[in-house]
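Survey of secondary and tertiary structure
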Amino acid sequence: MEILSRNGSDVTSDVPQRTGNNLDPWYANYAERASGLAASEVRALFAVASRPEVVSLAGGMPYVSALPQELIVSSMERVMRTQGPTALQYGSGQGIPQLREHILDVMALEGIRGSVDNVVTATGSQQALDLVAKLFIDPGDVILAESPSYVGALGVFRSYQASVVHVAMDDDGLIPEALRQTIAHLRGQGRRIKFLYTIPNFHNPAGVTLAASRRPEILEICRENEILVLEDNPYGLLHFDEPAPNALRSLDEEHVIYLGSFSKTLAPGFRVGWALAPHAIREKLILAAESAILSPSSFSQLVVSEYLSSTDWRAQIDTFRGVYRERKDAMIEALGEYLPQLRWTNPNGGFYVWVTMPDVLDSKQMLPRAVKELVAYTPGTAFFADGRGRHAMRLSFCYPTPDAIRVGIRRLATVVNGELDLLDTFAGTGPLQLPPSADYDSAPPSDLK
């Protein structure tokens, strides 16, 4: 292939060259996997959504103001007074043992038994997710994920050049038979499946929870097919009424890697998460972590450990539950008042409501008008690897006050109804109706089924 070199001379090469129009002078030098790096639709919204006049129903930001500041300040002071040199020094790539002991106590609330030796702390569970992907994914490998799935995970899998294949969900979470059929179809094509990525509790973005009756069956399907399960569970303790069923990891210690985080139950600014992995995988995770960052922050780990040692952290989680329950109720009530023609999930925990609009609407194209009306949301397309989700959106109730949520839904209704009126006027189709649905308001969108 003939190309033009940087200094203008003609050169030839048998190596395929990148082409494209880009202002970056190093565009042609990036590795192929860099093409999988793209700004998520959630992150792209933050600059706009942070304007004070905009009601942001987009980002999943915890309401950290519900955490008494004095609890954190006192924990920091005690750490610096008693362990200052350790807090400011490099640490173990696996993480500080005393924090890993506390993590076992946290996971025990969801039925998990484990050894401190198999816990690896990380810079948020997002880093643990990235490390697992780095260890297991070769270009072209298949990752199974729910339909829809967490945008941050899709970005990680894309960056390692994996192919994400979605598996259908319904009100009770991932559908076992859909999983079985998807695996058989992929195996029939000779494709290699590395793991199933799942958020079983208060799903991001769908808001649903995997039914207890389905959990053993899903694990059995994966065992039969020698497929690892990657269980991501940042919201599991943030239930509103009944607790979520015990974690998948509590049912199978050899085939499940469990990811946890303090970002939702304490504060995301500490960037402390963890992975609980089978022993052999644990060793590889530690090596990968040391290669990436040498060690997670000793200071953050010690502050979190001190907080867990000196406060009633279970009561604080219960406070968060009350805060988020009130916000969720405000959102569901406002949707019923202002947008009764739509469908939405009604989660029993977590941060998110998934809203389905008529197929003729496009949430991504509608977003600029929504921002003009001073409300932001996340388009459904962010949560699919294959371009679906245009008639859906994710609404986050975790951060705005209940009054702000009502205002935001009212503004959103102005946008949705305006779009419907325009289509009705110019298409001459008469009133647009959603297809008949089952007798529940919390039905997941049609592309979850």
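For the structure given in this document, a descriptive report is provided here.

Cut-offs applied
Residues numbered from 1 in each chain as written. Predicted model: local features only at pLDDT ≥ 70, side-chain atom pairs only at ≥ 80, totals over all residues. Heavy atoms only, no water. Helix = DSSP H or I, 4+ residues; strand = E, 2+ residues; numbered from the N terminus. Buried < 20%, exposed > 50% of the residue type's maximum accessible area, 1.4 Å probe, protein only. Contact = heavy atoms within 4.5 Å. Areas by Shrake-Rupley, 256 points an atom, 1.4 Å probe, with all protein chains shown as cover. Pairing = 2+ DSSP bridges. Axes fitted to C-alpha atoms, helices over the stretch in contact; angles between N-to-C directions. Right-handed = clockwise from strand over helix to strand, strands pointing away. Parallel < 35°, antiparallel > 145°, perpendicular 65-115°, else oblique. Left-handed = near helix turned anticlockwise from the far one by under 90°. Nonpolar A, V, L, I, M, F, W, Y, C, P; charged D, E, K, R; others polar. Core = buried A, V, L, I, M, F, W, Y, C linked by side-chain atoms within 4.5 Å.

Here the focus is the overall build of the chain. Scanning the chain for helices and strands turns up 12 helices and 17 strands. Expressed as a percentage of the 449 residues in the chain, the buried residues total 53%. Of the contacts made within the chain by residues no fewer than 6 positions apart, 75% connect residues no fewer than 24 positions apart. Within the structure as shown, the chain displays about 20,000 Å² of accessible surface, and the carbon and sulfur contribution to it stands at 51%.

For the rest of this paragraph, the subject is the sheet that holds strand β16 (residues 378-379). Sheet strands pair via backbone hydrogen bonds, and the direction of the pair is either parallel or antiparallel. Reading across the sheet, the 4 strands line up as β13-β14-β17-β16 and stay open at both edges, with antiparallel pairing between neighbours. Looking along the sheet, the strands with just one partner apiece sit at the ends: β13 (343-344) and β16. Sheet analysis places β16 next to strand β17 (residues 392-396), joined by 2 bridges and oriented antiparallel. Across the sheet, the residue bridging to Thr-378 is Arg-394, located in β17. Helix α10 (residues 313-338) contacts β13, β14 (352-356) and β17 of the sheet and is inclined by roughly 15° relative to β14.

The subject of this paragraph is the pairing of strand β6 (residues 163-167). Summarising burial for β6: 4 of the 5 residues are buried, a large majority. Of the strand pairs in this sheet, strand β5 (residues 142-146) and β6 are connected by 5 bridges, and their pairing is parallel. Bridging across to β6, Ala-145 finds its partner in His-166. Handedness of the crossover joining β5 and β6 through helix α5 (residues 151-159): right-handed.

Two elements in contact, helix α2 (residues 69-87) and helix α9 (residues 298-310), have axes separated by 8 Å at closest approach and are oriented at 125°. As the angle between them shows, α2 and α9 are arranged oblique. Along this stretch, α2 crosses α9, giving a crossing that reads as right-handed. Every residue of α9 that contacts α2 at Leu-71, Ile-72, Ser-75, Met-76, Arg-78, Val-79, Met-80, Gln-83, Thr-86 and Ala-87 is listed here: Ser-298, Phe-299, Leu-302, Val-303, Glu-306, Tyr-307 and Ser-310. Looking at the contact of α2 with α9 residue by residue, the class counts come to 10 nonpolar, 5 polar and 2 charged.

Strand order in the open sheet formed by 7 strands is β4-β12-β11-β10-β9-β5-β6, with mixed pairing between adjacent strands. Single-partner strands in this sheet number two, and they are β4 (119-122) and β6. The sheet shows a mean angle of 20° between the axes of neighbouring strands, taken without regard to direction. In terms of strand pairing, strand β11 (residues 256-261) meets strand β12 (residues 273-276) through 4 bridges, oriented antiparallel. Residue Leu-259 lies in a different strand from β12, and its bridge partner there is Ala-275. Across the sheet, helix α3 (residues 97-108) touches β4, β11 and β12, and the angle it forms with β4 is around 105°.

It is worth spelling out the nonpolar core at this point. One recurring pattern in soluble globular proteins: nonpolar side chains tend to sit buried together. By size, the foremost hydrophobic cluster in this structure holds 72 residues, and its most contacted members are Phe-262 and Leu-395. Not counting chain neighbours up to four residues away, the residues in contact with Leu-395 comprise Leu-57, Met-331, Leu-335, Phe-351, Tyr-352, Val-353, Val-355, Tyr-377, Ile-409 and Leu-412. One finds Val-120, Ala-133, Val-164 and Ala-289 within the second-largest nonpolar core, a separate group that totals 31 residues.

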